[in-house]
Amino acid sequence: MTPSSSVVVPPVSRRRPFALARGWVSLPDRILVGFLAVSVVIVLALITEQFRWWLVLPAALIALVLTRRWIPRTPVPQRAAVLGTLLALAIVVGWCVLNVPLSSEIMGIDRDPGQYTLSGLYLIDHPSADIRVDEATQQLARSIPGVVVDWTGKAPAPRIHVQGTSLVPGLIGMFGWIFGPAGALHALVVVAGIGLLALYAVSRRFLGPLWGLLPPLALALSMPLAAFGRMPYTEPSSLIFGCGAMLCLWTGIERGNSRLFLLAGLFAGASVMARVDGFLALIGGIVGIGALGMFSVGAVRRARLRRWLGSFLLGGAVTVAIGVTDLALHSPSYLMDTVSQLVPLVAVLVAVAVIAWLVTIRARPSALALAVGRHRGRWAVGAQVFVGVVLLVLVSRPLWLVSHLMWGGYASAVANRQRSEGLPIDGPRSYDEYTVNWLAWYFGWAVVAVAAVGVLLLVRRMILRRDARTVVLLAIPATTALLYLNKVTITPDQIWAMRRLVPGVVPGALLVAGYACREAARWLGARIRAAGGQQRHVRWGRALVAAASVVVFAAPVLTWGELFTVREGAGEQALVADICSYAPGDRVVHAGENPSFGHFVPALQQACGLQAVGVGKATTERMSAVAQQWGDPQSILVVAFDANAVTWQGGRPGTPLSTNYQRWEELLMRRPQVANERSATAWLGLLRADGTVAPINAG
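Residues numbered from 1 in each chain as written. Predicted model: local features only at pLDDT ≥ 70, side-chain atom pairs only at ≥ 80, totals over all residues. Heavy atoms only, no water.

**Concerning the overall build of the protein chain**
Here's step 1: Counting its secondary structure elements, the protein chain contains 27 helices and 9 strands.
Here's step 2: Projected onto its principal axes, the C-alpha positions of the protein chain cover 95 × 65 × 50 Å.
Here's step 3: Looking at the protein chain residue by residue over its 699 residues, the buried ones come to 56%.
Here's step 4: A sequence separation of at least 24 residues applies to 80% of the contacts in the protein chain between residues at least 6 apart.
Here's step 5: When the accessible surface of the protein chain is split by element, carbon and sulfur atoms take 63% of a total near 28800 Å². (Helix = DSSP H or I, 4+ residues; strand = E, 2+ residues; numbered from the N terminus. Buried < 20%, exposed > 50% of the residue type's maximum accessible area, 1.4 Å probe, protein only. Contact = heavy atoms within 4.5 Å. Areas by Shrake-Rupley, 256 points an atom, 1.4 Å probe, with all protein chains shown as cover.)

**Regarding a positive patch on the surface**
Here's step 1: On the surface, Arg22, Arg73, Arg255 and Arg259 cluster together into a patch of positive charge.
Here's step 2: Structurally, arginine 22 can be placed in helix 1 (residues 12-25).
Here's step 3: On the basis of relative accessible area, arginine 22 is assigned to the partly exposed category, the value being 34%. (Patch = residues over 30% accessible without salt bridge, like charges linked within 9 Å, V, L, I, M, F, W, Y side chains within 5 Å. Salt bridge = Lys/Arg side-chain N within 4 Å of Asp/Glu carboxyl O. Lys, Arg positive; Asp, Glu negative; His and termini not counted. Charge placed at Lys NZ, Arg CZ, Asp CG, Glu CD.)

**Section: the pattern of salt bridges**
Here's step 1: Counting across every chain of the model gives 24 salt bridges.
Here's step 2: A salt bridge links glutamate 49 to arginine 132; the nearest nitrogen and oxygen atoms lie 3.3 Å apart. Here glutamate 49 is found in the loop between helix 2 (27-47) and helix 3 (53-66), whereas its partner arginine 132 is found in strand 1 (residues 131-132), with 83 residues between them in sequence.
Here's step 3: Accessibility expressed as a relative area gives 17% for glutamate 49, which makes it buried.
Here's step 4: Judged by relative accessible area, arginine 132 falls into the partly exposed class, the value being 43%.
Here's step 5: The partner of arginine 275 in a salt bridge is aspartate 277, with the nearest N and O atoms 2.8 Å apart.
Here's step 6: Judged by its relative accessible area of 10%, arginine 275 falls in the buried class.
Here's step 7: Assessed through its relative accessible area of 12%, aspartate 277 is described here as buried.
Here's step 8: Residues participating in the shared-partner salt-bridge network are Asp112, Glu235, Arg275, Asp277 and Arg499.

**Some thoughts on the pairing of strand 5 (residues 611-615)**
Here's step 1: Among the 5 residues in strand 5, 5 count as buried, and that is most of the element.
Here's step 2: Traced from strand 4 (residues 587-591) through helix 26 (residues 601-607) to strand 5, the parallel crossover comes out right-handed. (Right-handed = clockwise from strand over helix to strand, strands pointing away.)

**Section: the packing of aromatic side chains**
Here's step 1: Summed over all chains, the structure comprises 16 aromatic pairs.
Here's step 2: On the numbers, 5.7 Å between centres and 40° between planes, the contact of phenylalanine 175 with phenylalanine 179 is tilted. Of this pair, phenylalanine 175 and phenylalanine 179 both sit in helix 7 (residues 167-184), 4 residues apart, which is roughly one turn of that helix.
Here's step 3: Note on phenylalanine 175: relative accessible area 19%, which makes it buried.
Here's step 4: Using a relative accessible area of 53% as the deciding quantity, one classes phenylalanine 179 as exposed.
Here's step 5: Between the aromatic rings of tryptophan 560 and phenylalanine 564, the centroid separation amounts to 5.1 Å while the plane-to-plane angle is 80°, which identifies the pairing as edge-to-face.
Here's step 6: Classification of phenylalanine 564 by relative accessible area gives partly exposed; the value is 31%.
Here's step 7: Here the aromatic cluster, defined as three or more aromatic residues joined through ring pairs, consists of Phe597, Phe600, Phe641 and Tyr661.
Here's step 8: Between arginine 230 and the ring centre of phenylalanine 564, over which it is positioned, the NZ or CZ distance is 5.1 Å.
Here's step 9: Across from the ring centre of tryptophan 496, 4.6 Å away, lies the NZ or CZ of arginine 499, which sits over that ring. (Phe/Tyr/Trp six-rings, centres within 6.5 Å; stacked < 30°, edge-to-face > 60°. Lys NZ or Arg CZ within 6 Å of the ring centre and 35° of its normal.)

**Side note on helix 24 (residues 535-553)**
Here's step 1: Its 19 residues place the ends of helix 24 27 Å apart at the C-alpha level, agreeing with the 27 Å of an ideal helix rising 1.5 Å per residue.
Here's step 2: Buried residues of helix 24: Val538, Gly541, Val545, Ser549 and Phe553, and no others. What you see down the axis of helix 24 is that its buried residues fit within an arc of 110°, all on one side. Seen from the open side of helix 24, the exposed residues pointing more than 90 degrees away from its buried face are Arg539, Trp540, Leu544 and Val551. (Expected span 1.5 Å × (residues − 1). Arc of directions from axis to C-beta.)

**Points about the environment of arginine 302**
Here's step 1: Within the fold, arginine 302 resides in helix 14 (residues 299-330).
Here's step 2: Note: C-alpha distance between arginine 302 and leucine 282 (20 residues apart in sequence) is 20 Å.
Here's step 3: Residues in contact with arginine 302, not counting those within four places in the same chain, are Gly293, Ser296, Val297, Val359, Thr360, Arg362, Ala363, Arg364 and Pro365.

**Quick look at unusual backbone geometry**
Here's step 1: The amide bond that connects glutamine 494 to the next residue, isoleucine 495, takes the cis arrangement and shows omega of 15°.
Here's step 2: If you trace the backbone, isoleucine 495 turns up in the loop between helix 22 (468-484) and helix 23 (505-530).
Here's step 3: Unusually for a residue other than glycine, glutamate 49 sits at a positive phi of about 60°.
Here's step 4: One non-glycine residue with positive phi stands out, namely threonine 489, at about 50°.
Here's step 5: Within the secondary structure, threonine 489 sits in the loop between helix 22 and helix 23.
Here's step 6: Under the relative-accessibility criterion, threonine 489 is labelled partly exposed at 32%.

**Some points on the confidence of the model for the protein chain**
Here's step 1: Across the protein chain, the average pLDDT comes to 93, with 98% of residues at or above 70.
Here's step 2: Taking the mean pLDDT of every element in the protein chain, the minimum, 73, falls on helix 1 and the maximum, 98, on helix 9 (residues 214-221).
Here's step 3: Here residues 1-13 is a poorly scored stretch, pLDDT under 50, and it has 3 contacts once near neighbours within four places are set aside; other chains count. (pLDDT = per-residue confidence, 0-100.)

If you want it as structure tokens, here you go:
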């Protein structure tokens, strides 16, 4: 018998169904890698200011084709894997179908979502996110005091840089090419849906194809994913990149493949393309690989880890360079403003990379590795006790700790919210001690408790079994939790502050909670079998634990209050479009105060593509100067959200445009439950040479 004759080749009739099943099971991994490839294309196009549909869409398609074989090893397409993939996709599709009609329409800048929305709409028709300001408008703002072209108050310049990274606006712009401005607002719902699929791609490796459905189920039913998916936030993209890094680290250890560590580095570094704190994903991956090197007793193993570490760092360097270049070119002020946060992160990144490299080049194992190897049972118990104490400290902090890490304007914002809620005024209070409570508010104390049990079980497993895959997979969420569960570094109102925990802490908590549930089912089955029970009794016992686990993980659906059907900002997009439709030319003056939904000049510039200025105190003298210096007065539209902001020709304004809209309430000491009703009314007119405004009956 020849060697080849011992290989069993499936009949042709069986190969095709197997190939189809394998392709189906690989779909979550393919979508995950495809999202990374498209994201790189988008950011590169924005860096080079060539964000044009006829260039980006073909380039994205080419990137998808070139990376089709980059996916991690697909799980064996057994019946459970096929069914698990089907159910995961059903969760994703169901989530998107429910939430697409509820995508926000926030069109003013008060926080990040409005900024990303407007920038994305601008990119539908412009090759760069930078807002172009013509020379006449710049000169107008320079020569007339009180006239601003940049809502931040900066000196007029040919370009206005938008704060933050460009990936999310680019995704919105790409959707706008295909579905138009209204459809562009749904982009982040789809991205959040991919985030659910990314979490499943990780959890099915870690927990199995069916138990792995628990984490995406809980996240899909929770308020945070909807809050940060219906509105444009960077967190869903960061979630995808973090899960991609964890997936590739797991499969890289499993297969011993340096290419997968390179891909893991690309994913981890891509977090910087989405968020400036994305360095945490890189730090976590390095910590995981370095920990394996520190506790490795074999020289060959350490040499292998050194190669894997080098591949991970190389991949991370590529996408980090893309993300930092994007910020440096198109948001330099924001990059400088965040230096105080970035420098410590980069310093830690360099330090852990050096340490990890040093522990992998040692000729001999460390004394610690030898000690743990000789007494793994004792070390496991000691580690469990230590971690258990840390968990108790984290949970108990509200009883004995009051954190004070707010400063400046942030402290003033906290004080204002405390005043509105009837709380004691303590502006510097940062509420960091409540981070575990925040998890419980949105996912339930049962999930938090089960996650704590899962952490303790996994600490024991990693030490006793030397489970390298689990070490590298959990290193990223553990590193993120180490920072953000202690110092959340954000204005602490809800649900805004919860965004810090979504990319890393939340998926990590759900994964370890799912592990505890799966182990409970196995333990119960073993006890039933040991007691002489039949196989059907074992199955019933495990099914009982599975049913209880589903109940625990579905608990987030009970936290919504009245907010599930609320579409934040609905009506704002139509109002902005109506206002801009009355512009006879390309120049608009926003006079007086901003509307209740935020700074309005950017909406005129980005959503409408107009040359716009703001005039806070619109006296007739100032408005007359604007009319004389900015071209034909009758071609300049004036919009005011206060009827008394300008002097009307004839003494009375025309019929205004108005809209009612809703926003989730913002609270410090509990999760939001109801929406706040708000309204905005806009009066329009045409600027005259004498500084008065001829009213327009718009309503």
